[in-house]
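Coordinates in review
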Amino acid sequence: MWRRLRSALRSLRGSPAAPPHGGGGRPPAAMERAVVRCVPSEPKLSLRFMLPDGSARHMQRDQTEPLGRALARIATNAAKGHGKAGKKSKKARAEGGAEGEAAVPPVRLFSRDGAMVAEEVPNAAAWEDGAVLHIGDARYRVERNPPALTELSLPRSLLAGFPVCPKVSAEFASPQHCLFRWFREQRPAGGVDAAGEAWVETAAAERVFTPSNALVGLRLKLRCTPGDGEQRYGPACEVESSGPVEAGPGACTFDARHLYTQKVCGPGSVRAVSYNILADTYAQTEFSRTVLYPYCAPYALEIDYRQNLLKKELAGYSADLICLQEVDKSVFVDSLAPALDAFGLEGLFRIKEKQHEGLATFYRRDKFSLLSQHDIAFSKALVSEPLHKELCEQLAKYPLVQEKVLQRSSVLQVSVLQSTIDPSRKLCVANTHLYWHPKGGNIRLIQIAVAMSHMKHIACDLYPSIPVIFCGDFNSTPSSGTYSFISSGGIAEDHEDWISNGEEERCSMSLSHPFKLLSACGEPAYTNYVGGFHGCLDYIFIDRNALEVEQVIPLPSHEEITTHQALPSVSHPSDHIALICDLKWK
């Protein structure tokens, strides 16, 4: 795949790919291309062109260097190329004389309006888009920073009925302005068609393609032409799937939920999702396969399979905000971010300390813009930020608990968003995944105390009175001290969770926070359902003074959850269940 992509990127002959129906314009047919890459933050620019003898040239020149030096170097290269071509002909050498010598051709650069560019002009200013380079009798149209693909790839696993979201990275272009053409493989029985092609173009011309059951057993090919939204297009690149489309699993646990979320909610509303998606680093272990999830088919624990389900599930919720936990860094970069970008969502990632997984927050681009990020690691913030000095001093009285708190890798992701529809409306969106141990209630209380102090600084000091939405896997049931602390605003020093791991780890303190928070989805019977446990651990807490709940999307039925005994399963990609609710400003 990469060999094909590099080959396409290196192709310099002819004009850049134009959009269908003649849009975008083409330079004259006789004109070759001289591709200039010039980025202000880099000291050098690059110049690529093809000499008349067919040899490619790739030059790096200082941006501040006078044009004359670059042109002299081009002339020397052209003379060398001419000389090498002459040496290939014994007859030319025999007839020799002066004609066998490599003549240095005149090299000049002309601006778009036809004026010759002075040799003392710096390279960065001289090589403008549309200028014409003359090398002897040859003419080259200068293309400065043309759209170009730097990466194009397809997922390894393709399932019928599930969206295929390519990873598209481009320079001087954006995926939103690229052109996409999808092809399917010919059926083996039909062989190559009459035109000699093994691929048949589908009717799809969108970035995301959902293969039908009719394509099971066939591979897919994508042709992408990079565009910049200003009618400039670069060379097209192609990528083929590594394997064929496979049959999907049939009905999934989220299918019925999608009936409630077919459209993005209105401008005055916000659809929020919180979901622990089960990190691959935890799903793909021998312990997971044999102890945690022995009831789950091994193939359904593989990341490629689960990603198909996750992308379809998340895309189908038409959400404005998505807070995910247990997100592998590679899954975010290579799978979720490209896929959800195609559905209009921008992604932010915060990795846990010394871990391979972390938190991801996505927001709908046409509804929100990002004002600022305020992510912290609980352990580091506790000891380094003056904000938490009092709590840190109190915790120092309990060295055993203090040590455990400081060893934890948990983080808090906080994003301040502004409405693109009504700029006066801002949101403080927090996302976390608290310490997991069943006896770690005292640790979780400290983590939440740090979180609340941090959020108070943002939502009361930095952005006074903006509403808070606090999502996550809190690893705490509704009867826990953590849930009580968040929803009531305080925790007493004699609460039983301060001795959750026995008297030797007692940690008694009275804590409070200023927020009035409500669990938007209530207290479901469970949000986590595995073989040995089921309970409610996940919540979307909202500022009850500023926000109210319009609707809560029903969770899957108990029958759906237990069809394959427990979670995850062939029809559900995680051991948790997504929480989804529609909110509106009061």
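Per an unreviewed UniProt entry, the chain goes by the name 2',5'-phosphodiesterase 12 and belongs to Pomatorhinus ruficollis. The UniProt entry for the chain carries the following text under Subcellular location (unreviewed entry): "Mitochondrion matrix". In its Sequence similarities (unreviewed entry) section, the UniProt record describing the chain reads: "Belongs to the CCR4/nocturin family."

With that out of the way, let us pick up the overall build of the chain. If you tally the helices and strands in the chain, you get 15 helices and 31 strands. Per-residue burial over the chain gives 52% buried out of 586 residues. Within the chain, contacts between residues separated by at least 24 positions form 70% of all contacts whose residues are at least 6 apart in sequence.

The next subject is the sheet that holds strand S6 (residues 138–144). Ordered by their spatial adjacency, 6 strands build an open sheet running S3-S2-S1-S6-S5-S4, and the pairing between neighbours is mixed. For this open sheet the edge positions go to strand S3 (56–62) and strand S4 (107–110), each flanked by a neighbour on one side alone. Sheet twist, expressed as the average angle between the axes of neighbouring strands with direction ignored, equals 25°. Pairing geometry for S4 and strand S5 (residues 132–135), over 4 bridges, is antiparallel. Bridge pairing in S5 places Val-107 opposite Ile-135.

Here we take up the environment of Leu-67. Position of Leu-67 among the secondary structure elements: in helix H2 (residues 67–87). Excluding residues within four positions of it along the chain, Leu-67 makes contact with Leu-109, Val-117, Ala-118, Glu-119, Val-121, Asn-123, Ala-126 and Trp-127.

The next point concerns helix H9 (residues 329–342). Given a rise of 1.5 Å per residue, 14 residues ought to cover 20 Å, and the 19 Å separating the end C-alpha atoms of H9 matches this to within 8%. The axis of H9 is deflected most strongly, by about 40°, at Leu-336, and proline Pro-338 appears within four residues downstream. The set of residues buried in H9 consists of Val-331, Phe-332, Ser-335, Leu-336, Pro-338, Ala-339, Leu-340 and Asp-341. Buried residues in H9 make contact with strand S9 (167–171), helix H8 (303–316), strand S16 (321–328), strand S17 (345–351) and strand S18 (357–364). The first or second residue beyond H9 is Gly-344, which carries a positive phi of 90°.

It is worth spelling out the packing of helix H12 (residues 399–407) against helix H13 (residues 441–462) at this point. Between H12 and H13, the least distance of the axes is 10 Å, while the angle of their chain directions is 65°. With respect to each other, H12 and H13 are oriented roughly perpendicular. Judged by the twist between their axes, the crossing of H12 over H13 is right-handed. Contact residues: H12 offers Val-401, Lys-404 and Val-405, while H13 offers Asn-442, Ile-443 and Ile-446. Considering only residue class, the contact of H12 with H13 consists of 4 nonpolar, 1 polar and 1 charged.

So, about the packing of aromatic side chains. Considering all chains together, one arrives at 14 aromatic pairs under this definition. Centre to centre, the rings of Phe-474 and Tyr-539 are 6.0 Å apart; their planes meet at 55°, and the pair counts as tilted. With a gap of 65 residues between them, Phe-474 in the loop between strand S23 (468–473) and helix H14 (481–488) and Tyr-539 in strand S29 (residues 538–543) connect regions that are remote in the sequence. Comparing Phe-474 with Tyr-539, the two get one shared label, buried. Note on Phe-474 and Phe-541: the rings are 5.3 Å apart at their centroids and 85° apart in plane angle, and the pair reads as edge-to-face. Note that Phe-474 is positioned in the loop between S23 and H14 and Phe-541 in strand S29, a separation of 67 residues in sequence.

Attention now moves to the pairing of strand S1 (residues 32–37). Here S1 runs beside S6; their pairing, made up of 5 bridges, is parallel. By the bridge assignment, Glu-32 is partnered in S6 with Tyr-140. Between S1 and strand S2 (residues 44–50), which pair antiparallel in sequence order, lie 6 residues.

On to the side chain of His-454. Along the chain, the position of His-454 falls in helix H13. Each residue touching His-454, except ones within four places of it in the same chain, is listed here: His-374, Ile-376, Glu-385, Leu-387, His-388, Leu-412 and Val-414.

Attention now moves to the state of the cysteines. The final tally for this structure, using the stated rule, is 0 disulfides. We note that Cys-224 lacks a disulfide partner, and the nearest cysteine sulfur, in Cys-178, lies 4.2 Å from it. Cysteine Cys-471 shares no disulfide, and the gap to the nearest cysteine sulfur, in Cys-323, comes to 3.9 Å.

In this section: the sheet that holds strand S10 (residues 179–185). What the 4 strands build is an open sheet, ordered S11-S10-S12-S13; its pairing is antiparallel. The open sheet has two edge strands, strand S11 (199–201) and strand S13 (237–240), and neither has a second partner. Across the sheet, the mean angle from the axis of one strand to that of its neighbour is 25°, orientation sign disregarded. Here 4 bridges tie strand S12 (residues 220–225) to S13, and the two strands are oriented antiparallel to one another. The residue of S13 that forms the bridge with Arg-223 is Glu-238.

Right, let's talk about H13 for a bit. Between the first and last C-alpha of H13 there are 30 Å, a value that for 22 residues agrees with the 32 Å anticipated at 1.5 Å per step. H13 sits mainly inside the fold: 16 of its 22 residues count as buried.

Quick look at the pattern of salt bridges now. Under the criterion given, the structure shown has 29 salt bridges. In this structure, the salt-bridge partner of Glu-346 is Arg-365, at a minimum N-O distance of 3.0 Å. With Glu-346 in strand S17 and Arg-365 in the loop between S18 and strand S19 (368–373), this pair connects stretches of sequence that are 19 residues apart. Residue classification places Arg-365 among the partly exposed positions, given a relative accessible area of 27%. Lys-404 is the salt-bridge partner of Glu-505, the closest N and O atoms lying 3.0 Å from each other. Remark: Lys-404 occurs in helix H12 and Glu-505 occurs in the loop between strand S24 (490–491) and strand S25 (511–512); sequence separation between them is 101 residues.

The next thing to look at is a nonpolar patch on the surface. Where nonpolar side chains cluster on the molecular surface, the patch consists of Phe-287, Val-291 and Leu-292 and spans about 280 Å² of accessible area. Here Val-291 lies in helix H7 (residues 286–292).

Time to look at the nonpolar core. If you look at the biggest cluster of nonpolar residues, it comprises 45 residues, and the most contacted ones within it are Leu-412, Ile-446 and Phe-470. If one sorts the elements of this core by residue count, H13 sits on top with 11 residues. If we ignore the near neighbours within four places in the chain, the residues touching Leu-412 are Leu-359, His-374, Asp-375, Ile-376, Phe-378, Ala-430, Asn-431, Thr-432, Ala-451, His-454, Met-455 and Phe-470. Membership of the second largest hydrophobic core comes to 42 residues, among which are Leu-159, Leu-278, Leu-310 and Ile-577.

Parameters and conventions
Residues numbered from 1 in each chain as written. Predicted model: local features only at pLDDT ≥ 70, side-chain atom pairs only at ≥ 80, totals over all residues. Heavy atoms only, no water. UniProt positions renumbered as here; feature names shortened; annotations may be inferred. Helix = DSSP H or I, 4+ residues; strand = E, 2+ residues; numbered from the N terminus. Buried < 20%, exposed > 50% of the residue type's maximum accessible area, 1.4 Å probe, protein only. Contact = heavy atoms within 4.5 Å. Pairing = 2+ DSSP bridges. Axes fitted to C-alpha atoms, helices over the stretch in contact; angles between N-to-C directions. Expected span 1.5 Å × (residues − 1). Bend = angle between axes of the 7 residues up to and from the residue. Parallel < 35°, antiparallel > 145°, perpendicular 65-115°, else oblique. Left-handed = near helix turned anticlockwise from the far one by under 90°. Nonpolar A, V, L, I, M, F, W, Y, C, P; charged D, E, K, R; others polar. Phe/Tyr/Trp six-rings, centres within 6.5 Å; stacked < 30°, edge-to-face > 60°. Disulfide = S-S within 2.5 Å. Salt bridge = Lys/Arg side-chain N within 4 Å of Asp/Glu carboxyl O. Patch = residues over 30% accessible without salt bridge, like charges linked within 9 Å, V, L, I, M, F, W, Y side chains within 5 Å. Areas by Shrake-Rupley, 256 points an atom, 1.4 Å probe, with all protein chains shown as cover. Core = buried A, V, L, I, M, F, W, Y, C linked by side-chain atoms within 4.5 Å.

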